[in-house]
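Observations on the three-dimensional arrangement
Now for the letters of each chain:
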Amino acid sequence: MSLHAKMKIVRDYGSLTLSRAPVKTSTGEERAAEILATRTGAGGGTEYYVHYLEWNKRLDEWVSADRVNLELIKPPPTEEKGNLGGPKKQNKDNRKRKQPPGAAATHTITGASVGSTAESASSTAADSPGKKEKKQSTGSMRQHAADDDVVTRMRNIEMIELGKHLIKPWYFSPYPEVLTKVPLVRLCEFCLKFNRSETSFKNHKRKCTLRHPPGNEIYRKDKLVFFELDGRKHKDYCQNLCLIAKLFLDHKTLYHDTDPFLFYVMTELDEYGCHLVGYFSKEKDSSEDYNVACILTLPSHQRKGYGKLLIEFSYELSKIEGKTGSPEKPLSDLGLLSYRSYWSQAVLEVLLAQTDPVSIQEISQLTSMTTEDVISTMQHLGLVKYYKGQNCLCLTPEIIESHTKSMAKRRVRIDPKHLRWTPIDWSKRGNW
């Protein structure tokens, strides 16, 4: 579908916007969907941008009018009136992230739907059904007023080019509006600067001198290289990285306010330089002891074990710090799956290596996982059994066999001997 087609964003409730109707999916199945916008297509017909209810927002799409059953259309739910289709506002807690002296008031650009839509859930929420989760206001989860705008619920970039990969974005990202009108946004794979045209991109490539992310190299083994970046010192790169991340993370991505964060960028090394694979960020001084704020593996490198490798790297840093850590909640749906898998393998790896009884606190110290994450993982695996008046751990042959098979697939692991990193106590520094 051409992006040069005229688009008309309708915001009044007398129109079809935010109404719900059955829509035929690409497979021919008819599902309830919410209409977010209308436009006139290249052929002159009306097209609708729809969100399929109970499906992840990355499956949203433009559809032709013949796929929408307008005879069964329903008006917007009453609780969404006045909120432009955004999520129902919840009370925020009063916790605030520590700010350095003289820090300017900045804000975070996030998607309209927190937690990668309602389909995703944090590990805490998964273990406590029925418990309302309080929306977090610290770290990368601080809300912005624009989040309730229906426009931010729509994917606005059609395609990006990053190195040799063409990647279709999943969600909205606050790139300049002029880039939403072109069919392809070209990104420099080394400095991540965006370019509108092929001519400007070629000119930039001739002038760009970077061949790896700015910052300190802290890990190298074979072709895998990690860099640590300071969000204050390397602001341009970190902001461009966050814009890319927002294309694939619907729930939490800082943009302007990168100063209080550190970024750990994973790259693949070849004869041309270090190519972006994924990254995670963490607060320099987290009051909640989070060891990850945002984490992303680019879609072009997914299903290669890199997501679990990023998680493992974050816990290796926590081990050096002598702390336990946990990712910011809520996790996206894919993030929750990755963390559940890593936590399960980490806990079982410790249990199978022990010959003597081990406590939950000891497992926490050996893995740098919080005791809450250790307990929820054991419950998820069904390890906790009640026997003769006390709780005990039961490892069945099926669990051991499944663990052995999953560990055999993890061909790439972080080798602590190749990690060169010294933690900084940011709480004692007067200026970040």
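Residues numbered from 1 in each chain as written. Predicted model: local features only at pLDDT ≥ 70, side-chain atom pairs only at ≥ 80, totals over all residues. Heavy atoms only, no water.

The omega angle of the peptide bond from K329 to P330 is 0°, so this bond is cis rather than trans. The residue P330 is located in the loop between β16 (326-327) and α5 (333-353) in this model. One non-glycine residue, E54, lies in the positive phi region at around 70°. With respect to the helices and strands, E54 occurs in the loop between β4 (46-52) and β5 (61-64). (Helix = DSSP H or I, 4+ residues; strand = E, 2+ residues; numbered from the N terminus.)

With that settled, the discussion passes to the confidence of the model for the protein. Across the protein, the average pLDDT comes to 82, with 78% of residues at 70 or higher. For the stretch residues 1-14, pLDDT sits under 50, and the model shows 40 contacts to residues farther than four places along the chain or on other chains. (pLDDT = per-residue confidence, 0-100. Contact = heavy atoms within 4.5 Å.)

Their axes nearest at 10 Å, the elements α5 and helix α7 (residues 371-381) cross at an angle of 95°. Compared by their axis directions, α5 and α7 come out roughly perpendicular. Between α5, through R340, W343, S344, V347 and L348, and α7, the contact on the second element is made entirely by D373, S376, T377, M378, H380 and L381. The residue makeup of the contact of α5 with α7, split by class, is 5 nonpolar, 4 polar and 2 charged. (Axes fitted to C-alpha atoms, helices over the stretch in contact; angles between N-to-C directions. Parallel < 35°, antiparallel > 145°, perpendicular 65-115°, else oblique. Nonpolar A, V, L, I, M, F, W, Y, C, P; charged D, E, K, R; others polar.)

Once that is clear, we can look at the pairing of strand β3 (residues 30-40). Across the 11 residues that make up β3, a large majority, 8, are buried. Connecting strand β2 (residues 20-24) to the next strand, β3, in antiparallel fashion are 5 residues, including G28 with a positive phi near 95°. Of the pairings in the sheet, the one linking β3 to β4 comprises 7 bridges and is antiparallel in character. Considered in β4, the bridge of T38 is made with Y48. The hairpin formed by β3 and β4 contains 5 residues between the paired strands, and G44 there has a positive phi angle of roughly 95°. (Buried < 20%, exposed > 50% of the residue type's maximum accessible area, 1.4 Å probe, protein only. Pairing = 2+ DSSP bridges.)

What follows is about helix α6 (residues 360-367). Every buried residue belonging to α6 is among I363, S364 and T367, and all of these are buried. Buried residues in α6, looked at end-on, bunch into an arc of 100°, giving them a common side. Count one or two residues on from α6 and you reach S368, which has phi positive near 65°. (Arc of directions from axis to C-beta.)

On to the sheet that holds strand β10 (residues 216-221). Think of a sheet as strands paired side by side through backbone hydrogen bonds, with each pair either parallel or antiparallel. Taken in spatial order, the 5 strands make up an open sheet running β10-β11-β12-β13-β15, and their pairing is antiparallel. Edge positions in the sheet fall to β10 and β15 (294-297), since each of these pairs with one other strand and no more. Geometrically, the sheet is characterised by an average inter-axis angle of 20° between neighbouring strands, direction not taken into account. Both strand β11 (residues 224-230) and strand β12 (residues 261-270) contribute to a ladder of 7 bridges, which runs antiparallel. The partner of F227 across the bridge, within β12, is V265. Sheet strands in contact with helix α3 (residues 235-246) are β11, β12, β13 (273-283) and β15, and its direction is about 80° off that of β12. Running at roughly 55° to β13, helix α4 (residues 306-321) makes contact with β10, β11, β12, β13 and β15 of the sheet.

Taken together, the side chains of L352, L395 and I400 present a nonpolar region at the surface, about 200 Å² in accessible area. You can see I400 is positioned in helix α8 (residues 397-408). Taking the relative accessible area as the measure of exposure, I400 reaches 32% and is therefore partly exposed. (Patch = residues over 30% accessible without salt bridge, like charges linked within 9 Å, V, L, I, M, F, W, Y side chains within 5 Å. Areas by Shrake-Rupley, 256 points an atom, 1.4 Å probe, with all protein chains shown as cover. Salt bridge = Lys/Arg side-chain N within 4 Å of Asp/Glu carboxyl O.)

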